[in-house]
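Coordinate inspection notes
Take a look at the letters that make up each chain.
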Amino acid sequence: MILVLRALGIGDLCAAVPALRALRASYPKEELVLGAPGWLAPFAELTGLADGLVPVPDLGAGPWPADVTRPALGVNLHGRGPESHELLAAARPARMIAFSCPSAGHSCGPLWRDDEHEVYRWCRLLRWYGIPAEPGDLSLPRSPVRAAVLAGAAPAGMTVVHPGAKAADRRWPPERFATVAGALGGDGHRVVVTGSPAEVPLAEEVAGEAGLPADAVLAGRTDTGTLAAL
């Protein structure tokens, strides 16, 4: 079994898709299990790359469940710090792929670069260990939208704008999202704006400034599975 730690959010999981695809291609016969928040399961399923998910809400989640088989390979796609290294090491993998972290007893591996894009970072990590990884391999398979929830509001050719972020200081300004959404709409795209229930005002602001119709706001109307399908 290959155990991959990525106990973060939606964007983080999407940024790890090329690395996950590289692992799947290099170990096609191995079971690949993702250690991530349980609510990410629909997104993990959508990638088609993970055979299962072990719920890891955060790095302080405690020991791995007793039914988690000792992995032949542990892969740290979470970060560089001792907390993520130690959590993955607690699963007792026979071999571990991770960035160098001497304070956690892991001295091998490449050095972390603060200014590196997430997609390239994880591909570079795998390549250092001899696993080919292509940063551009980001596409996800299409999944049918849950019509009962969206009532046909997602026609073919739809473009999704998702302006939210867990941390406000990581979020692009709403007016810039609105500029992009307006340009896309003016170019003939069917644009919808997604987000959590708490992000409905943000989505409405973006849609309003972009000149989109009211029904373009899908924020608050999608659960995690429907958002993944969108």
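Please refer to the structure higher up on the page.
Below you will find a few notes about this structure. (Residues numbered from 1 in each chain as written. Predicted model: local features only at pLDDT ≥ 70, side-chain atom pairs only at ≥ 80, totals over all residues. Heavy atoms only, no water.)

Remarks on the overall build of the chain
A count of helical and extended segments in the chain gives nine helices and seven strands. The C-alpha radius of gyration of the chain comes to 19 Å, within 12% of the 17 Å expected for a compact globule of 230 residues. Summarising its shape, the C-alpha atoms of the chain cover approximately 55 × 35 × 30 Å along the three principal directions. Each of the 230 residues in the chain was classed as buried or not, and the buried ones make up 45%. In the chain, the proportion of contacts linking residues at least 24 apart, taken out of those at least 6 apart, comes to 58%. Each charge class in the chain can be summarised by its mean position, and for the 20 positive and 24 negative side chains these summaries are 6 Å apart. (Helix = DSSP H or I, 4+ residues; strand = E, 2+ residues; numbered from the N terminus. Rg over C-alpha atoms; globule rule 2.2 N^0.38 Å. Buried < 20%, exposed > 50% of the residue type's maximum accessible area, 1.4 Å probe, protein only. Contact = heavy atoms within 4.5 Å. Lys, Arg positive; Asp, Glu negative; His and termini not counted. Charge placed at Lys NZ, Arg CZ, Asp CG, Glu CD.)

So, the pairing of strand E6 (residues 158–161)
Two strands pair when backbone bridges link them, and E6 and strand E7 (residues 190–193) are joined in this way by four bridges, in the parallel orientation. The residue bridging Thr159 from the neighbouring strand is Val191, located in E7. Since E6 and E7 lie parallel, the crossover through helix H7 (residues 174–186) that links them has a hand, and here it is right-handed. (Pairing = 2+ DSSP bridges. Right-handed = clockwise from strand over helix to strand, strands pointing away.)

What to know about the pattern of salt bridges
Here the structure, examined in full by the defined rule, presents seven salt bridges. For Asp137, the salt bridge identified is with Arg21, shortest N-O distance 3.1 Å. Of this pair, Asp137 sits in the loop between helix H5 (118–128) and helix H6 (147–150) while Arg21 sits in helix H2 (residues 17–26); the two residues are 116 residues apart in sequence, bridging distant segments of the chain. Given a relative accessible area of 28%, Asp137 falls into the partly exposed group. Ionic pairing is found between Glu116 and Arg113, a salt bridge with its closest N-O pair at 3.9 Å. (Salt bridge = Lys/Arg side-chain N within 4 Å of Asp/Glu carboxyl O.)

Any link to function would need more than the numbers given here.
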